[in-house]
Each structure stands twice: as C-alpha cells, then as structure tokens.
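Notes for the structure review
Each chain is listed here by its residues.
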Amino acid sequence: MERIPILRMGEYLLVTIQVDMHDQLAVQLQDDLTQAIARSRAKGVLIDISALEVVDSFIGRMIADTAGMARILDAHAVLVGMQPAVAITLVELGLSLPGVATALNVERGMALLRASLQGDGAR
Amino acid sequence: MNATQGELPLQSQHDVVLARQAVRRMTQQLAFSLVDQTKMVTAASELARNAVIHGGGGALAWELLNNGARHGLRLTFLDHGPGIANLDLALTDGWSSGTGLGMGLTGARRLVNEFDIESKVGVGTRVTVTRWK
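Read on for an overview of the structure. (Residues numbered from 1 in each chain as written. Chains lettered and ligands numbered in written order. Predicted model: local features only at pLDDT ≥ 70, side-chain atom pairs only at ≥ 80, totals over all residues.)

1. As for the environment of Thr-4 of chain B
Residue and element names in this part refer to chain B. Rule in force here: A run of DSSP states H or I qualifies as a helix once it reaches four residues; a run of E qualifies as a strand once it reaches two. Both are numbered from the N-terminal end. Remark: C-beta atoms are placed from the backbone, and a residue is labelled buried if 20 or more other C-beta atoms sit within 10 Å of its own, exposed if 12 or fewer do, or partly exposed between those counts.
Tracing the backbone through its elements, the reader meets Thr-4 in the segment before β1 (5-10). For Thr-4, a count of 11 C-beta atoms within 10 Å translates into the label exposed. Spatially, the C-alpha atoms of Thr-4 and Arg-25 are 13 Å apart, while their sequence positions differ by 21 residues.

Right, here's the structure in full:
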C-alpha cells in the first residue's frame, strides 16, 4: 500500500510530503504519524509541504488535526515550506490554520522545535 | 491544436487527484499566474471531492473560453446524488452535511470569478465555476 515515509532524526520525526495526496493517503499519514510519535516518543515533528502545489480544505484540516494530535501526544509539530500561492489560496478558502506552528523552511522549523522544547524543559 | 473542451470522470478519490492535475495543466495552458492557477485547482479539488463524496460520483466538464478580449476556464461539476435541500444554508460558511469542514462549497466560491449552483433533491447537483485570466 502507498504510504508517505516518516523519518526519525534523534528525538524528531520528519515527514516530507512529495506527492499529490488523495484523501485516503492523507488519513493514512495521520494514522501513521500519531503511531510513530507514540512509539518513538518523539518530542517534535516537522511536516514539510514545500513540494505541495495544492492544499485544499481536506488536506488543510488533516494537517491542522495532526498538529493538534501531536500536541496531545506531548510532541510539538511545525509545518514548514508552504508555497506562497498555497498560503494565499488557503486563507482565501477560509483556512488560516490557527494553532499550527509554521516556519519558512526545514532549518527554521528545526530551530523553532528546539526552542519550544527548551521552553518545555524550563517549566 | 489543443482541445477546448472535454469531460473527466469523478468516481473515486483518485479521480479527484487526476482532476486537480488536469485543471492545473489547463490553467498553465491559459498562462494563468501561479496564484490564479492554485486558486482554480483548489476550487476544482473541493468541488470534485463534493461530487465524489456527497454526490456519489459524477463528471467534470471543462471548457477553455475565449471571448475575444480575455481567456478563461469554465468547469462544470455534475453529480446525480441526493441533491441539496437548502442551498442558502449550504452556501453558509461552516455549514456541513456532517462529514466535512463546511468550507468546500463556500471556499470554492471565493476562489473563482463566477459561481453558479443548481440542485434538485433526488436528482443531483450541478456547480459551474469560471475563472478569467
């Protein structure tokens, strides 16, 4: 069965979505990712969508829900690499992804994850 | 010479992906800006999904338009599903038949220049959208 790969890097998970996902594939990713967080006890998840040329309401909701689920599983999720045309379209569509941490690219996303983990440790 | 109209099936979620890719090629052929391409493809994705999920499948008819002054793309999504009893309600942000977010129809309307919907309970739904370059 077709799947989006989830890579583990230390205490982080990295997901790079490089295909135009059909809905079932997006649901499968949500399932796989939450299980991977629980199994690996990852503290952070980077979801790289720089290759996605379209994010519609279904995919957008899937991403927002996944970030919320990660949080409940004690991991921070950061969405990185959204193309400007996708951002413009998503907001016009009515989806501004409130509550989803975002960064311009993987490098900045990683910095954001590290910073939020330090914040957790300080509490 | 490229075709100026055609039809695509909308029976499965894979057809939704194929419809998105076909609409992307059409908007590129019409030299839409990247943002306009993305808006039209996203609107098509919402409406194609509606036809598959809520309409039980249907078809997408497409037409490249040229009225002399400008070029555009018109997409008609037709299904033979249960239809929508209350169109005004269905066109309200956040209204949902229960399985979605309630953003598809209203969101798609905001992403195009012209939007028309006809629906008859027990017969089906036809949504026509146009975006001009």
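2. Focus: the sheet that holds strand β2 (residues 12-16) of chain A
All names here are of chain A. The condition that has to hold: One bridge is not enough; two strands pair if DSSP finds at least two bridges between them. Axis lines are fitted to C-alpha atoms, over the contacting stretch for helices. Their N-to-C directions set the angle, which ranges from 0 to 180 degrees. By definition, residues are in contact whenever their C-beta atoms, placed on the basis of the backbone, come within 7 Å of each other.
The strand order across the open sheet formed by 5 strands is β1-β2-β3-β4-β5, and the pairing between neighbours is mixed. Each edge of the open sheet is held by one strand with a lone partner, namely β1 (6-9) and β5 (101-103). Taking the axes of each pair of neighbouring strands and ignoring which way they run, one obtains an average angle of 25 degrees across the sheet. Pairing analysis gives 3 bridges linking strand β4 (residues 76-80) to β5, with the strands arranged parallel. Each bridged residue has a counterpart across the sheet, and for Leu-79 the counterpart in β5 is Thr-102. Relative to β4, helix α2 (residues 57-72) is tilted by about 155 degrees, and along the sheet it contacts β3 (44-48) and β4.

3. Some thoughts on the sheet that holds strand β5 (residues 124-132) of chain B
All names here are of chain B. Read across the sheet, 5 strands follow the order β1-β2-β3-β5-β4 without closing on themselves; strand pairing throughout is antiparallel. For this open sheet the edge positions go to β1 and β4 (114-120), each flanked by a neighbour on one side alone. Across the sheet, the mean angle from the axis of one strand to that of its neighbour is 15 degrees, orientation sign disregarded. In the sheet, β1 pairs with strand β2 (residues 58-66) via 6 bridges, with the strands oriented antiparallel. Among the inter-strand pairings, Gln-5 is bridged to a residue of β2, identified as Glu-63. Here helix α1 (residues 13-29) sits on the sheet in contact with β1, β2 and β3 (71-79), set at roughly 160 degrees to β1. Packed onto the sheet, helix α2 (residues 34-53) meets β1, β2, β3 and β5 and runs at close to 10 degrees relative to β3.

4. Quick notes on the interface of chain A and chain B
Threshold: Think of it as three bins: nonpolar holds Ala, Val, Leu, Ile, Met, Phe, Trp, Tyr, Cys and Pro, charged holds Asp, Glu, Lys and Arg, and polar takes everything else, Gly as well.
Listed as interface residues are 18 residues of chain A and, on the opposing side, 23 residues of chain B. Breaking the side of chain A that touches chain B down by element, the ones donating at least two residues are α1 (23-40), α2 and α3 (84-93) of chain A. Here the side of chain A that touches chain B takes 6 residues from α3 of chain A, the largest share from any one element. Tallied by class, residues from the side of chain A that touches chain B come to 7 nonpolar, 5 polar and 6 charged.

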